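Coordinates in review
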Amino acid sequence: MDYNAWFECSEGCAETYSLSDVIYRCKNCDGLLAVKHDMELLKQRSADDWKSLFEQRYMRTQYPYGSGVWGKKELVCPNIDDDNIISMYEGGTNLFWADRFGAQLGLGDLWIKQCGISHTGSFKDLGMTVLVSMVNQIINESGNIRAVMCASTGDTSAALAAYASAAGIPAIILLPKAKVTREQLIQPIANGALTLSLETDFDGCMAIVQKLAARPEFYLANSINSLRIEGQKTISMEIVQQFNWEVPDWIIIPGGNLGNVSALGLGFLMMYDLGIIDKLPRIACAQAERANPLYRSYQTGFTEFSAITAQATQATAIQIGNPVSVHRAIRTLRRFDGIVDQATETELADAAARADRTGLFNCPHTGVALAVLIKMVERKQIRPSDRVIVISTATGLKFPDFKVDYHNVDRGEPPPRYLNAPIELEADYENVLKQIGAHLDA
Ligand SMILES: *Cc1c(COP(=O)(O)O)cnc(C)c1O
Ligand SMILES: [Zn+2]
C-alpha cells in the first residue's frame, strides 16, 4: 500500500507541503502546519486487522517495528524508508498500576503511564525518532541540511542530541543558563552536541532559534515541527493497546509548550476515525501555577489567550509563558470535553512525594499532574470507578535536587508533609537498634 502523509496548514488556509520540505509555518498565512494522512487508504484495512498488525509487532525485535512508534509506522509517518529510520526502540513504556496510591484517594483503577522510562528519560524520544529519521532521509536524498537544532527546557535537547548522534548529524542546542538540571545538561554534552547556554529563559532561547530557523541549512526540532507530534501521538495508541483496546475515562497530562496534549488528542482521534476505538476519553491538562497561560485562558472559556512571563517553578520543563501549540491544544481540549487545572509549588512537591511513598519516583511535572488528580478527586470530578491515566513525562532520576531539597531538614522552612530526612548517628549497634525501634513504633 502507498500510504501517504503531508504537511497541511491547520490555521489559515489548507495549503499543503511535502514532509521533506524544510518548512514550519504556512507560506501563505503563517499558520502552523499539521501532518495529514490519507485516511481513505488507511480505512481500507479493517480495525481488527490494524489491531492484530500492531499486536504482532509490539516489543519484538524486527527493526524498526518493535519500537512503540515504528510499530505504528503507517499511522505515524509512512513516507520514511525503513533504511533511513533512526530508532532506539522508544515507546513500549510500562503502565504502572497505582494500586496503593489510588486506594489512598479512593480510586481503584488509577494508572501511571511511565513515558520517562525511555532512552533519554522523557517522552521526547517518541517525537524525536520521527523528526531525526526524516532529516536523515532528506540528507540521504539531497544533502542540504547541515545541522539539527532546538531550544529546550532540558529534555528536548537530550533527545535531539541522542538521536542526532546516532544518525551522525550535527546537533545545536540552546538552553537557558542555570535553568536545567545537571543531569539534563550533561546529556547533550556527552552526545557531542554543540551546547549553548544562554543568559535567558526558555522563551528567550526559542526567539533566537526561530531566527536561526530562517536559514534552510539548520533544521528546527522544536515541537512547532509537527513531525514530533506524530511520534508522540503513539502514547494514546499504546495506552489503549495496553488495555486490550479499551478507552480510559480520564487522562491527566502536564502541559508546557502544549505539543504533547495535542498529540495525545490526535492519537485518539485517529484511532476513532479508523474504528479502532468507539469513544473518546476526557483530557485534563495540568499546569504549574507559576507558568499557567493555558489555565488563565481556560478561565475565560478559551475566548481569550495572552502569553505571560513564566515565573520560576520546580517544574522546569513546563516553565513556558508563550506556548507554541496553544491553539491546537485548545482545539483538542474542546473536542475532548477537557479541563485545565493548576498546582502550586507546595502542591506539586507534596503530590510527587506522597506518590513516591507508594513506589514511584516522580519528576516535578508528573507531580503537577498528580496534584491536579488529587484536586479532581476532591471535587468529585473523577468518580471512584473511573479508569484514570496520569501521563508521567520524565523519570525522577533527572531531577534529583527536586527531591533532595524536599527531604532536607535544614532548609529553614516548616517541614514538608512527606519529609523523610536521613538520620546521622554513630556506628553503634545499640544505637542503631534503638532508632529502628523508635521508627517502627512511631
Ligand atoms: C516537554 C515536557 C513537558 C511538556 O510537554 P509540552 O509538549 O511542552 O506541553 C512536560 N514534562 C516533561 C518532563 C517534558 O520534558
Ligand atoms: Zn495557511
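Above: the structure in question.
Counting from 1, residues in each chain are numbered in the order their sequence is written. Chains carry letters from A onward and ligands carry numbers from 1 onward, assigned in written order. This being a predicted model, a pLDDT of at least 70 is required before a residue's local features are given, and a value of 80 or more before pairs of side-chain atoms are given or counted; all residues contribute to the totals for chains, interfaces and linings. Hydrogens and water are ignored here; the side-chain numbers use all heavy atoms of the structure.

**A word on the overall build of the chain**
- If you tally the helices and strands in the chain, you get 17 helices and 13 strands.
- Our radius of gyration is a C-alpha quantity, and the globule rule it is checked against amounts to 2.2 Å times the number of residues to the power 0.38. At 22 Å, the chain has a C-alpha radius of gyration in line with the 22 Å of a compact globule built from 442 residues.
- Counting only C-alpha atoms and orienting by the principal axes, one finds that the chain spans roughly 75 × 50 × 45 Å.
- Relative accessibility under 20% of the residue-type maximum defines a buried residue, over 50% an exposed one, and the middle range a partly exposed one, all with a 1.4 Å probe and only protein chains included. Within the chain, the fraction of its 442 residues that count as buried is 59%.
- Excluding contacts between residues fewer than 6 apart, the proportion of contacts in the chain whose partners are at least 24 apart in sequence is 69%.
- Under the convention used here, Asp and Glu are negative, Lys and Arg are positive, and both His and the chain ends fall outside the count. For the purpose of locating charges, the reference atoms are NZ of Lys, CZ of Arg, CG of Asp and CD of Glu. The chain carries 41 positive and 51 negative side-chain charges, and their two centres are separated by 3 Å. Strands are runs of DSSP state E lasting at least 2 residues, helices are runs of H or I lasting at least 4, and numbering of each runs from the N terminus. The contact definition used throughout considers only heavy atoms, calling two residues in contact when any of these lie within 4.5 Å.

**Things to note about the site of ligand 1**
- Only heavy atoms are used to decide nearness, and a residue is near a molecule or strand if one of them lies within 4 Å of it. By nearness alone, 14 residues border ligand 1, and K124, D155, G256, N260 and T393 come closest of all.
- Between N or O atoms, a polar contact is any pair within 3.5 Å; within protein, one atom must be a potential hydrogen donor and the other a potential acceptor, and residues adjacent in sequence are included only when both atoms are from side chains. Contact between ligand 1 and L258: an oxygen atom at 2.8 Å from a main-chain N or O atom of the residue.
- Between ligand 1 and the protein, one listed contact pairs a nitrogen atom with a side-chain N or O atom of T393 at 2.8 Å.
- Where accessible areas are quoted, they stem from the Shrake-Rupley method and a 1.4 Å probe; at the residue level, only the protein chains shown are allowed to cover. Surface burial for ligand 1 is 97%, taken as the share of its 380 Å² of free accessible area covered by protein chains.
- Polar here means any residue outside two lists: the nonpolar Ala, Val, Leu, Ile, Met, Phe, Trp, Tyr, Cys and Pro, and the charged Asp, Glu, Lys and Arg; Gly therefore counts as polar. Its residues assigned to classes, the shell around ligand 1 comprises five nonpolar, seven polar and two charged.

**Structural notes on the pattern of salt bridges**
- By definition, a salt bridge exists where a carboxyl oxygen of Asp or Glu is found within 4 Å of a side-chain nitrogen of Lys or Arg. According to the stated counting rule, one finds 18 salt bridges in the structure shown.
- Residues D82 and K73 are paired through a salt bridge, measuring 2.6 Å at the closest nitrogen-oxygen approach.
- Residue K73 is classed as buried on the basis of its relative accessible area, which comes to 9%.
- One salt-bridge network, held together by shared partners, links D109, E246 and R387.

**A look at the coordination of the zinc ion (ligand 2)**
- For Na, K and Ca the donor cut-off is 3.2 Å, while for other metals it is 2.8 Å, and in both cases only N, O and S atoms qualify; water is not among them, so sites may look incomplete. Protein ligation of the zinc ion (ligand 2) involves C9 (SG), C13 (SG), C26 (SG) and C29 (SG), the donor distances falling in the range 2.3 to 2.4 Å.
- Under this scheme a four-donor centre is tetrahedral when all angles range from 85 to 135 degrees, a four-donor centre is square planar and a six-donor centre octahedral when opposite donors are above 155 degrees with the rest from 65 to 115, and any other centre is irregular. Around the zinc ion (ligand 2) sit four donor atoms, and with donor-metal-donor angles ranging over 95 to 125 degrees the site reads as tetrahedral.
- For the zinc ion (ligand 2), the donor residues sit on a single chain with the sequence spacing C-x3-C-x12-C-x2-C. Within this pair, whereas C13 is found in the loop between β1 (5–9) and β2 (16–17), its partner C29 is found in the loop between β2 and β3 (33–37), the two being separated by 16 residues in sequence.

**Examining a nonpolar patch on the surface**
- Patch members must show over 30% relative accessible area and no salt bridge, and they are joined within 9 Å when carrying like charges or within 5 Å when they are nonpolar side chains of Val, Leu, Ile, Met, Phe, Trp or Tyr. Taken together, the side chains of I423, L425, V432, I436 and L440 make up a nonpolar region of the molecular surface, amounting to roughly 470 Å² of accessible area.
- Within the secondary structure layout, I436 lies in helix α17 (residues 429–441).

**Notes on the sheet that holds β3**
- Read from one edge of the open sheet, three strands run β2-β1-β3, paired in antiparallel fashion. Only two strands of the sheet have a single partner each, and these edge strands are β2 and β3.
- Pairing between two strands requires that DSSP report at least two bridges joining them. Pairing of β1 with β3, which is carried by five bridges, proceeds in the antiparallel orientation. Across the sheet, E8 pairs through a bridge with A34, a residue of β3.

**Thoughts on the sheet that holds strand β4 (residues 95–97)**
- Across the sheet, six strands lie side by side as β4-β5-β13-β10-β11-β12; this open sheet has mixed pairing. At either margin of the open sheet sits one strand with a lone partner, and together these are β4 and β12 (339–343). Here the average twist between neighbouring strands, direction ignored, is 25 degrees.
- Pairing of strand β11 (residues 282–288) with β12 involves five bridges; the strand directions are parallel. Bridged to A288 within β12 is A343. Inter-axis angles, ranging from 0 to 180 degrees, are taken between N-to-C directions of lines fitted to C-alpha atoms, where helices are fitted over the stretch in contact.

**Section: unusual backbone geometry**
- Note the cis peptide between Y63 and P64, where omega equals -5 degrees.
- Within the secondary structure, P64 sits in the loop between α2 (47–57) and α3 (73–76).
- Despite not being glycine, D30 has its phi angle at roughly 70 degrees, a positive value.
- Unlike most non-glycine residues, A178 shows phi in positive territory, near 60 degrees.
- Mapped onto the elements of the fold, A178 is located in the loop between β7 (171–176) and α7 (182–190).

**Side note on the packing of aromatic side chains**
- Ring pairs shown here join Phe, Tyr and Trp side chains whose ring centres sit within 6.5 Å, with only the six-membered ring taken for Trp; geometry is labelled stacked below 30 degrees between planes, edge-to-face above 60, and tilted in between. Taken as a whole and assessed by the stated rule, the structure comprises nine aromatic pairs.
- Consider the rings of W50 and F54, whose centres lie 5.6 Å apart with planes at 25 degrees: the pair is stacked. Of this pair, W50 and F54 both sit in helix α2, four residues apart, which is roughly one turn of the helix. By the burial criterion, W50 is buried, and F54 matches it.

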